[in-house]
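Per-entry structural report
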Amino acid sequence: GHPRRVAVLGATGSIGGSTLDVIGRHPDRFRASVLVAHRNVDALVPLCAAHRPELAIVADPAMEGALARQLDAAGVRCTVASGPEAIVAAAGGSLCDVVVAAIVGAAGLESTLAAARAGKRLLLANKESIVMAGPLLLAALREGGGELVPVDSEHNAIFQCLPGGRPDLDAHGVRRLILTASGGPFRGRSRAELAAVTPEQACKHPNWVMGRKISVDSATLMNKGLEVIEAHHLFGAAPERIEVVVHPQSMIHSMVEYADGSVLAQLGNPDMRTAIAHALAWPERIEAGVTPLDLAACAPLAFERPDLDTFRCLALAFQALREGGDAPAILNAANEVAVDAFLAGTLPFLAIAELVEGVLAELPAQPVVDVQTLRERDAQARSVARRKLRTAC
Ligand code: NDP
Ligand code: MG
């Protein structure tokens, strides 16, 4: 048949690049038909030249002219558009069968929902959207009738260790989901040792090369916290059924424990192309260009409990999940403001958790009703966070 047409939202990012690498290996199966970036035209144009999409979009309207000129100069003919509405329209539109949601942060919410509502195969990397709007995303998926295949490596691993789709955990004898965490670049450090760490140090992840926002989240363990919430929604698991174990080598990407004591794990080298290739081809399997796992070379595999007193963001995420309603959206918004400030050098590392905790305390959870209300709460949480930033610094 024809190649499946893939919209890559966040094409210029780390996940976007890995996705285009896998797609490029299988021109008979997949075609990148829509490429989306925020404003990095210099990175987007070569991707358009290599993949020849039908549509290229920048979220920032001020960059549309530059995109059109540079594509023209490079001899690439494709439709050009800009603005968040254009991204939402493309995610739910007729130019794609598959949507890779790899925009970073809350900015990805509307396009993720649009892809789900339109019944696309949704490859979810943008964990912030499901953290913010879990129930709305699940409803949109039911409405659209498409399938979500997780790209986040832990959830992709769990998906692979479950009977398929979103099974009834009790009916299938699932006891617990065990999320592995690398522990990030600061594993084993004390609070005192973390007081003065820099953005550069936080972004040097031991196992993965990722965008700056998720790198900081990995260093604080907020990333694992967001992933606990993501797992709760994706697999219908209550918080007490989700365990986090630190596994520094990142070879085991996560596990599922069954009633009979069996624990199934998915292993692989830490390379996002494995999860992306799995999610693109599922239920089939395709080559991803990944180095085969050499078990003897990475032995012994180590495991330890997370240090929740030092890495308080993980505890805060569990707290927000238990509080329910839109508390996870508040947590996410406060965290995005805090991470931006940390990356800008205006907030110390340990103050990220303090800021998130302060915002959660000031804004008690409300039920999640619709996207518009959620957006208002997101904005409210950001403004509380910014006020706290101003008075603290
Ligand atoms: P990057 O920072 O590398 O890339 C982000 C991408 O999003 C870029 O293409 C950027 O465009 C685009 N973007 C940013 N803001 C907007 C916006 N407002 N509208 C449209 N596009 C926007 O991030 P990653 O690839 O690392 O992460 C992407 C998502 O995937 C995150 O949610 C992350 O948590 C998740 N994820 C990432 C993993 C990884 O290994 N990197 C693993 C698991 C999950 P531009 O270049 O123009 O700024
Ligand atoms: Mg992950």
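What you are looking at is a predicted structure, and each value in this text was computed from that prediction instead of being measured. Residue positions are given per chain, counting from 1 as you read along its sequence in written order. Here chains are named by letter from A upward and ligands by number from 1 upward, in the order in which they appear as written. Thresholds applied to this predicted model are a pLDDT of at least 70 for local features of residues and 80 or more for the giving and counting of side-chain atom pairs; totals over whole chains, interfaces and linings are not thresholded and use all residues.

1. Examining the overall build of the protein
Numbering of helices and strands runs from the N terminus; a helix is a DSSP stretch of H or I covering at least four residues, while a strand is a stretch of E covering at least two. The helix and strand inventory of the protein stands at 17 helices and eleven strands. The quantity called the radius of gyration is restricted to C-alpha atoms. Its globule counterpart is 2.2 Å times the number of residues to the power 0.38. In terms of overall dimensions, the protein is globule-like: its C-alpha atoms have a radius of gyration of 20 Å, near the 21 Å expected for 393 residues. The principal-axis extent of the C-alpha atoms belonging to the protein is close to 55 × 55 × 40 Å. Burial is judged by counting the other C-beta atoms within 10 Å of a residue's own C-beta: 20 or more makes it buried, 12 or fewer makes it exposed, and any count in between marks it as partly exposed, with every C-beta position built from the backbone. Classification of the 393 residues of the protein by burial places 48% in the buried group. This entry defines residue contacts through backbone-placed C-beta atoms, with two residues in contact when those atoms are within 7 Å. Contacts spanning at least 24 positions in sequence make up 70% of the contacts within the protein whose residues lie at least 6 apart.

2. A look at the site of ligand 1
Nearness rests on one distance test: the residue's C-beta atom, set from the backbone, must lie within 6 Å of the molecule or strand. In the region of ligand 1, 29 residues are neighbours, and Gly13, Asn40, Ala59, Ala107 and Gly211 sit closest. Taken together, the elements giving at least two residues each to the shell around ligand 1 come down to α1 (14-24), β2 (30-37), α6 (127-144) and α10 (212-220). If one sorts the elements of the shell around ligand 1 by residue count, α1 sits on top with three residues. The residue makeup of the shell around ligand 1, split by class, is 15 nonpolar, nine polar and five charged. Ten residue types, Ala, Val, Leu, Ile, Met, Phe, Trp, Tyr, Cys and Pro, are classed as nonpolar, four, Asp, Glu, Lys and Arg, as charged, and the remainder, Gly among them, as polar.

3. Considerations on the pairing of strand β8 (residues 174-181)
Across the eight residues of β8, six count as buried, placing the element largely inside the fold. The pairing of β8 with strand β10 (residues 252-258) spans four bridges and is antiparallel. By the bridge assignment for β10, Val174 is matched with Tyr258. DSSP calls a pair of strands paired once it identifies at least 2 bridges connecting them. As paired strands, β8 and strand β9 (residues 242-246) are joined by five bridges and run parallel to one another. Its bridge partner lying in β9, Leu179 is registered against Val244.

4. Structural notes on the UniProt feature "domain: 1-deoxy-D-xylulose 5-phosphate reductoisomerase C-terminal" (unreviewed entry) in the protein
UniProt positions are given in the numbering used here, feature names are shortened, and annotations may be inferred rather than shown by experiment. Summarizing the sequence annotation, UniProt attributes the feature "domain: 1-deoxy-D-xylulose 5-phosphate reductoisomerase C-terminal" (unreviewed entry) to residues 148-235 in the numbering used throughout. Split by type, residues 148-235 is 45% helix and 12% strand. Its first and last C-alpha atoms lie 11 Å apart.

5. Structural notes on the packing of helix α14 (residues 312-323) against helix α15 (residues 327-343)
Two numbers describe how α14 lies on α15: the axes approach to 7 Å, and their chain directions differ by 150°. Looking at the two axes, α14 sits roughly antiparallel to α15. Facing α14, whose interface residues are Leu316, Ala317, Ala320, Leu321 and Glu323, α15 presents Ala327, Pro328 and Leu331. Across the contact of α14 with α15, the residue classes tally to seven nonpolar, no polar and one charged. In this description, a line fitted to the C-alpha atoms serves as the axis of each element, helices being fitted only across the stretch in contact, and the angle between N-to-C directions of two axes falls anywhere from 0 to 180 degrees. Relative orientations are named as follows: roughly parallel for angles under 35 degrees, roughly antiparallel for angles over 145 degrees, roughly perpendicular for angles from 65 to 115 degrees, and oblique for any other angle.

6. Quick look at the pairing of strand β6 (residues 121-124)
Pairing between strand β5 (residues 98-101) and β6: four bridges, direction parallel. By the bridge assignment for β6, Ala101 is matched with Leu124. Assignment of crossover handedness uses the view with strands pointing away from the viewer, where a clockwise path from the first strand over the helix to the second indicates a right-handed crossover. Once the chain exits β5 it traverses helix α5 (residues 109-117) before rejoining the sheet at β6, and the crossover so formed is right-handed. Bridge count for β6 against strand β7 (residues 148-150) is three bridges, and the pairing is parallel.

7. Remarks on the sheet that holds β8
Reading across the sheet, the four strands line up as β9-β8-β10-β11 and stay open at both edges, with mixed pairing between neighbours. Every other strand in the sheet has two partners, leaving β9 and β11 (263-267) as the edge strands with one partner each. Across this sheet, the average inter-strand angle for adjacent strands is 20°, counted without regard to direction. Pairing of β10 with β11, which is carried by five bridges, proceeds in the antiparallel orientation. Each bridged residue has a counterpart across the sheet, and for Val256 the counterpart in β11 is Leu264. Packing of helix α11 (residues 222-235) onto the sheet brings it into contact with β8 and β9, and relative to β8 it is tilted by some 150°.

8. As for the sheet that holds β2
Pairing within the open sheet is parallel, and its seven strands lie in the order β4-β3-β2-β1-β5-β6-β7. A strand with exactly one partner marks an edge of an open sheet, and here the two such strands are β4 (79-82) and β7. Each strand of the sheet is rotated relative to its neighbour by a mean of 20°, with strand direction disregarded. Sitting on the sheet, helix α2 (residues 41-51) is in contact with β2 and β3 (55-58), with an inclination near 165° to β2.

9. A few points about the UniProt feature "domain: DXP reductoisomerase C-terminal" (unreviewed entry) in the protein
Within the UniProt annotation, "domain: DXP reductoisomerase C-terminal" (unreviewed entry) is assigned to residues 267-383. Along residues 267-383, the helical share is 58% and the strand share 1%, with 41 Å between the first and last C-alpha atoms.

10. A few points about the environment of Leu389
Residue placement: Leu389 occurs in helix α17 (residues 371-392). Sequence spacing of Leu389 and Ala139 is 250 residues, and the spatial spacing of their C-alpha atoms is 35 Å. Once residues lying within four places of it in the same chain are set aside, the contact partners of Leu389 are Val337, Ala341, Leu347 and Leu355.

11. Some thoughts on helix α7 (residues 153-161)
Of all the nine residues making up α7, nine are buried; the element is thus mostly covered by neighbouring parts of the structure. For α7, every residue scored as buried is listed here: Ser153, Glu154, His155, Asn156, Ala157, Ile158, Phe159, Gln160 and Cys161. Of the surrounding secondary structure, the elements contacted by the buried residues of α7 are β7, β8, α11, β10, β11 and α12 (272-281).

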